[in-house]
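Chains, contacts and geometry: an overview
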Amino acid sequence: MTAPHYSDVCEGCLALDRTRTVVPPANTTPNQHGLIADYLCHRCGHIWTCGWAEEAAA
Ligand SMILES: [Zn+2]
């Protein structure tokens, strides 16, 4: 699954200098609720994960 709409804003950059860096998922793992997305910000190096619920219409 390619999911560019699962892009997230890097909290590391927000904390650093209030820059809103939109980061696409580096990796996505489907689960029973939707998917887990892993992020790596290439600007500040912040790494995080986010869970997304699948839309019913998808
Ligand atoms: Zn960042």
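Remember, it's a predicted structure, so these values are computed and weren't measured experimentally.

1. Points about the packing of aromatic side chains
Throughout the structure, instances matching the rule amount to two aromatic pairs. Ring centres of Tyr39 and Trp48 lie 4.9 Å apart, and the angle between their planes is 15°; on these two criteria the pair is classed as stacked. Classification of Tyr39 as buried rests on a relative accessible area of 1%.

2. Examining the coordination of the zinc ion
The textbook angles at a metal center are 109.5 degrees for a tetrahedron of four donors and 90 or 180 degrees for an octahedron of six. The protein atoms donating to the zinc ion are Cys10 (SG), Cys13 (SG), Cys41 (SG) and Cys44 (SG), with metal-donor distances spanning 2.3 to 2.4 Å. Around the zinc ion, the four donor atoms sit at angles spanning 103 to 116°, and that spread fits a shape best called tetrahedral. Within one chain, the residues serving as donors to the zinc ion are arranged as C-x2-C-x27-C-x2-C. Judged by its relative accessible area of 32%, Cys44 falls in the partly exposed class.

3. So, the pattern of salt bridges
Per the stated rule, a full pass over the model turns up one salt bridge. One salt bridge in this structure joins Asp17 and Arg43, with 3.0 Å as the shortest N-O distance. Highlighted residues: Asp17 in helix 1 (residues 11–17) and Arg43 in the loop between strand 4 (34–40) and strand 5 (47–53), separated in sequence by 26 residues.

The rules behind these values
- Residues numbered from 1 in each chain as written.
- Predicted model: local features only at pLDDT ≥ 70, side-chain atom pairs only at ≥ 80, totals over all residues.
- Heavy atoms only, no water.
- Phe/Tyr/Trp six-rings, centres within 6.5 Å; stacked < 30°, edge-to-face > 60°.
- Buried < 20%, exposed > 50% of the residue type's maximum accessible area, 1.4 Å probe, protein only.
- Donors = N, O, S within 2.8 Å, 3.2 Å for Na, K, Ca; no water.
- Tetrahedral: all angles 85-135°; square planar, octahedral: opposite > 155°, others 65-115°.
- Salt bridge = Lys/Arg side-chain N within 4 Å of Asp/Glu carboxyl O.
- Helix = DSSP H or I, 4+ residues; strand = E, 2+ residues; numbered from the N terminus.

On their own, these measurements won't tell you what the molecule is for.
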